[in-house]
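Listed below, chain by chain, are the residues.
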Amino acid sequence: MTGDLGAMTDLARLSINQETIKQWSLPELAAGCTEVGITSVALWRAPVQEYGVSEAAALMHDHGITVTSLCRGGFFTASDPAQRAEALVDNRAAIDEAATLGTGTLVLVSGGLPEGERDIAAARERVAEAIGSLVPYAAEHGVRLAIEPLHPMYASDRCVISTLEQALDIAERFAPEHVGVVVDTYHLWWDDRAPAGIARAGEGGRIACFQVADWVTPLPEGVLLGRGQLGDGCVDLRGFRVLADKAGYQGQVEVEIFNPGLWARDGAEVLAEVADRYRRHVL
């Protein structure tokens, strides 16, 4: 393991989301993080399934790496009963995978408006109903469901939950140990109610996951892959981290950046840059 003790201490709360260095395989991610003293990662279902869920769990365990969250479950908004039942089956599988990986957090992206529908309030209520159906199964497996609000530009096709308030209004129907929320700087930076929402989430013990990425413009076509490297955009990343800390959050800080420019570079170079930017803009 490289790096001095002070540098490793600086990175104690840093978790690398797998998508940030998508070009790396799971073994490369585990080895690369171990090399620089990072002991936490957040994983995604598709590459974990491809590698093997039990095998991925063993890999991380052997490297002394904690899996802070699994992404993603959700997509609950279909109005067709068969499609909704199918979504519940998939989410139970996601809960199984999270439990096998040893993470207590399954991130939920709620789903957008079904084609041809315009009743967003009804779609949000279907999200709440689906989460209610999943809570007993998740609790039995020691997994907490974490509702992630996404920026409003995703409301039509990806996530009808756009604000922390909306996420909390659903989460608070359930016990905090069973349902929490995700605080993601990329999705919440624009909302002047976010600080109050973070405080509310903290008071209720609801912050299940804290993620950071920057906002840069112009956004790319399709907008999904436009997250910026820490410090490249307009988000007060440290300010958000301080708000989360003041709200009582003591967990890991996940760096989750979807950016083809980062994926085209050497993974070790990207990891070193992320660690540097984390120290400079988040700590």
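Above this text you will find the structure in question.
Bear in mind that the values here come from a model prediction, so they are computed numbers and not experimental data.

Caption draft 1: Layout of the overall build of the protein chain. Along the protein chain, the regular secondary structure elements total twelve helices and ten strands. The globule rule puts the C-alpha radius of gyration for 283 residues at 19 Å, and the 18 Å found for the protein chain is close to it. The proportion of buried residues among the 283 residues of the protein chain is 52%. Contacts in the protein chain between residues far apart in sequence, at least 24 positions, make up 81% of those at least 6 positions apart. Put simply, the protein chain shows about 11,600 Å² of open surface, and 52% of that area lies on carbon and sulfur atoms. The averaged location of the 40 negative side-chain charges in the protein chain is 5 Å from the averaged location of its 23 positive side-chain charges.

Caption draft 2: The arrangement of the side chain of Asn259 in detail. With respect to the element layout, Asn259 can be found in the loop between β10 (253-255) and α11 (260-263). Given the relative accessible area of 19%, Asn259 is considered buried. Setting aside chain neighbours within four positions, we find Asn259 in contact with Leu225, Arg227 and Gly228.

Caption draft 3: Structural detail: unusual backbone geometry. Note that the residue after Cys71, namely Arg72, is joined by a cis bond; omega there is 5 degrees. Each neighbour pair has its own omega, and for Thr217 with Pro218 the value is 5 degrees, a cis peptide bond. With respect to the secondary-structure elements, Pro218 resides in the loop between β8 (214-215) and β9 (227-228). Even without being a glycine, Phe75 presents a positive backbone phi close to 55 degrees. Here Phe75 lies in the loop between β3 (66-74) and α5 (81-101). Overall, the relative accessible area of 32% leaves Phe75 in the partly exposed class. Positive phi values are uncommon outside glycine, yet Val223 reaches one of about 60 degrees. With respect to the helices and strands, the residue Val223 is situated in the loop between β8 and β9. By relative accessible area, which is 21% here, Val223 ends up partly exposed.

How each quantity is defined
Residues numbered from 1 in each chain as written. Predicted model: local features only at pLDDT ≥ 70, side-chain atom pairs only at ≥ 80, totals over all residues. Heavy atoms only, no water. Helix = DSSP H or I, 4+ residues; strand = E, 2+ residues; numbered from the N terminus. Rg over C-alpha atoms; globule rule 2.2 N^0.38 Å. Buried < 20%, exposed > 50% of the residue type's maximum accessible area, 1.4 Å probe, protein only. Contact = heavy atoms within 4.5 Å. Areas by Shrake-Rupley, 256 points an atom, 1.4 Å probe, with all protein chains shown as cover. Lys, Arg positive; Asp, Glu negative; His and termini not counted. Charge placed at Lys NZ, Arg CZ, Asp CG, Glu CD.

Without other data, these values stay purely geometric and don't point to any function.
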